[in-house]
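# Structure assessment
So you can see what is in the structure, the chains are spelled out below.
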Amino acid sequence: MPLVTTTEMFKKAYAGKYAVGAFNVNDMEMVQAIVEAANECHSPVILQVSAGARKYANPVYLRHLVMAAVETTDIPVAMHLDHGADFEICKASIDDGFTSVMIDASSKPWEENIALTRKVVEYAHDHGVVVEAELGKLAGVEDDVKVEAHDAMFTSPDEVEEFTQRTGIDSLAIAIGTSHGAYKFKPGQDPKLRIDILEEIGRRLPGFPIVLHGASSVPQDQVAIINEFGGNMPNAIGIPESELRKAAQLAVCKINIDSDLRLAFTAAIRKHFVEHPDHFDPRQYLGDARTNMKALVKHKIINVLGSENKA
Ligand code: G3H
Ligand code: 13P
Ligand code: ZN
């Protein structure tokens, strides 16, 4: 099946009360892990590429890796630009064959966010590509930019109707308590999402797909493996999976996961080297990393997103 946009995926996800996973990809093993997991779960999936991934792997390699993955499966796969910072990167991705882009102008003043988002929407829609934009500000680290918790801002439901109407976007990322990175909350804290804000936004925008960034749960078993096998990660917890499950049953149709993938990949490699100090063939340790990441993606599809058998 060729790459698809997220339009049909989100329509079905909204009606079916589940969400589609948007997983960040940076190399071949990650693309394979995610698509194999989605394929075995018969789930739709979104592969997303950040500016950092473009810099690391070269966009041409990433596009061909995604296209190779699509050739191996019949499940719906969308290729999405994560956190597009300006018009140029969105345009380049659209010209490159991405089926979905995010323009992230959420840190800009209101009118600037609207004008830039509108410009991206016009170009994208002319090329059959869909657009995600953001209102509100998440805490955490993304592309080397750190937003302190006190600078984070929940999305105001009063703004969402005007924003979506004036920009013409296809989905809206909101801030309701998630944050980027692996260090979201301290152990002992009880992180909760502002489900009340999500419900209010759902009332203001009936049927409109909502996106959650910063939705890694920081699985403690993976952190424990990293630390047992020579790592030194500070204690931290993420968004409880039960909270994400609630959001997926409401208006949230896309859930972004990156940090948890990194933890699973790293845990497997650290364990591999301690157990096999004589190994030097990358296929041995990258193979373990891929297997562990695939298991994590399957777990998310089945237990968090609810998208199993929805392809
Ligand atoms: O939200 C940001 C994603 O986790 C991408 O991270 O910019 O380090 O690739 P990155
Ligand atoms: P995490 O850091 O919580 O995985 O968030 C990823 C993300 O939002 C990518 O856009
Ligand atoms: Zn994000």
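Report follows, based on the coordinates. All residue numbers here refer to positions counted from 1 along the written sequence of the relevant chain. Chains and ligands are labelled by the order in which they are written, letters from A for the one and numbers from 1 for the other. It should be noted that, the model being predicted, local features are given only for residues of pLDDT at least 70 and side-chain atom pairs only at 80 or more, the latter also being counted only at that level, while totals for whole chains, interfaces and linings use all residues. Just so you know, side-chain values use all the structure's heavy atoms and leave hydrogens and water out.

### What to know about the site of ligand 2
Throughout, the term near means that a residue has one or more heavy atoms lying within 4 Å of the molecule or strand in question. Taken together, 16 residues sit near ligand 2, with Asp-82, Lys-184, Ser-216, Asp-258 and Ser-259 positioned nearest. A distance of 3.0 Å separates an oxygen atom of ligand 2 from a polar side-chain atom of His-180. Distance and chemistry together define a polar contact, namely a pair of N or O atoms within 3.5 Å, with one atom able to donate a hydrogen and the other to accept it when in protein, and with adjacent residues in sequence counting only for side-chain atoms on both sides. Residue Ser-259 places a side-chain N or O atom 2.7 Å away from an oxygen atom belonging to ligand 2. For ligand 2, the accessible surface in isolation is 310 Å², of which the surrounding protein chains cover 96%. To qualify as a helix, a DSSP run of H or I must reach at least 4 residues; to qualify as a strand, a run of E must reach at least 2; elements of each kind are numbered from the N terminus. Mapped by element, the contributors of at least two residues to the shell around ligand 2 are β3 (77-84), β9 (179-180) and β11 (252-257). Gly is put with the polar residues, along with every residue not named as nonpolar or charged; the nonpolar set is Ala, Val, Leu, Ile, Met, Phe, Trp, Tyr, Cys and Pro, and the charged set is Asp, Glu, Lys and Arg. When grouped by side-chain class, the residues that make up the shell around ligand 2 number two nonpolar, eleven polar and three charged. Here, Shrake-Rupley sampling with a 1.4 Å probe gives the accessible areas, and only protein chains in the shown set may cover a residue.

### With respect to the side chain of Lys-184
Note on placement: Lys-184 falls in the loop between β9 and α8 (195-204). A distance of 2.3 Å separates a polar atom in the side chain of Lys-184 from the backbone oxygen of Ser-179. Among the polar contacts listed, one links the side chain of Lys-184 to the backbone oxygen of Gly-214, at a separation of 3.4 Å. Setting aside chain neighbours within four positions, we find Lys-184 in contact with Ser-179, Gly-214, Ser-216, Val-218, Ile-237, Gly-238 and Ile-239. Note on definitions: a residue-residue contact is assigned when non-hydrogen atoms from the two residues lie within 4.5 Å.

### Considerations on the pairing of strand β1 (residues 20-24)
For every residue, the accessible area (1.4 Å probe, protein chains only) is compared with the maximum for its type, and the residue is labelled buried under 20%, exposed over 50%, or partly exposed between those bounds. The element β1 is extensively covered by neighbouring structure, given that five of its five residues are classed as buried. By the bridge criterion, four bridges tie β1 to β11 in an arrangement that is parallel. By the bridge assignment, Phe-23 is partnered in β11 with Ile-257. When β1 meets strand β2 (residues 45-49), the two strands line up parallel, connected through three bridges. Following the sheet pairing, Ala-22 is matched in β2 by Ile-46. Convention used here: a crossover is right-handed provided that the path from the first strand, over the helix, to the second strand proceeds clockwise when the strands point away from the viewer. As for the winding sense of the linkage, the β-α-β connection from β1 through helix α2 (residues 28-41) to β2 is right-handed. The pairing criterion is simple: DSSP has to find at least two bridges between the two strands.

### Description of helix α11 (residues 259-275)
Between the first and last C-alpha of α11 there are 24 Å, a value that for 17 residues agrees with the 24 Å anticipated at 1.5 Å per step. Considering only its buried residues, α11 is in contact with β1, α2, α9 (220-228), β11 and α12 (282-305). Here the expected length of a helix is defined as 1.5 Å per residue gap, with one fewer gap than residues.

### Some details on the pattern of salt bridges
What counts as a salt bridge is simple: a side-chain nitrogen of Lys or Arg found within 4 Å of a carboxyl oxygen of Asp or Glu. Applying the stated rule across the entire model yields 22 salt bridges. Lys-11 is the partner of Glu-8 in a salt bridge, and the nearest nitrogen-oxygen pair spans 3.4 Å. Of this pair, Glu-8 and Lys-11 both sit in helix α1 (residues 7-16), separated by three residues, roughly a single helical turn. For Glu-132, the salt bridge is made with Lys-254, and the minimal N-O distance between the two is 2.7 Å. One end of the pair, Glu-132, is in strand β5 (residues 130-135); the other, Lys-254, is in strand β11, with 122 residues separating them in the sequence. Among the ionic contacts, a cluster of salt bridges with common partners joins Asp-158, Glu-161, Glu-200, Arg-203 and Arg-204.

### Quick look at the side chain of Glu-243
Summarising the element assignment, Glu-243 is placed in helix α10 (residues 241-249). Engagement of the side chain of Glu-243 in a polar contact is seen with the backbone nitrogen of Leu-193, the distance being 2.7 Å. Residues in contact with Glu-243, not counting those within four places in the same chain, are Pro-191, Lys-192, Leu-193 and Ile-195.

### Describing empty space enclosed by the protein
Cavity and pocket criteria rest on a 1 Å grid covering protein atoms alone: a 1.4 Å probe that fits but cannot get out defines a cavity, protein on both sides within 12 Å along at least 5 of 7 lines defines an open pocket, and an atom within 4 Å of a point defines a lining residue. Grid points are joined across faces, edges and corners, and a volume is the space filled by probe spheres set on the points. In the structure shown here, the tally under the stated rule is one cavity of 30 Å³ or more. Of the volumes computed, that of the largest cavity is approximately 40 Å³. Surrounding the largest cavity, Thr-6, Phe-10, His-80, Ser-100, Val-130, Val-131, Glu-132, Asp-170, Ser-171 and Lys-254 form its lining. A per-element tally of the lining of the largest cavity places β5 first, with three residues. Classifying every residue of the lining of the largest cavity by side-chain character gives three nonpolar, four polar and three charged.

### Looking at unusual backbone geometry
Its identity is not glycine, yet Val-218 carries a phi of approximately 50°, on the positive side. Among the structural elements, Val-218 can be located in the loop between β10 (210-212) and α9.

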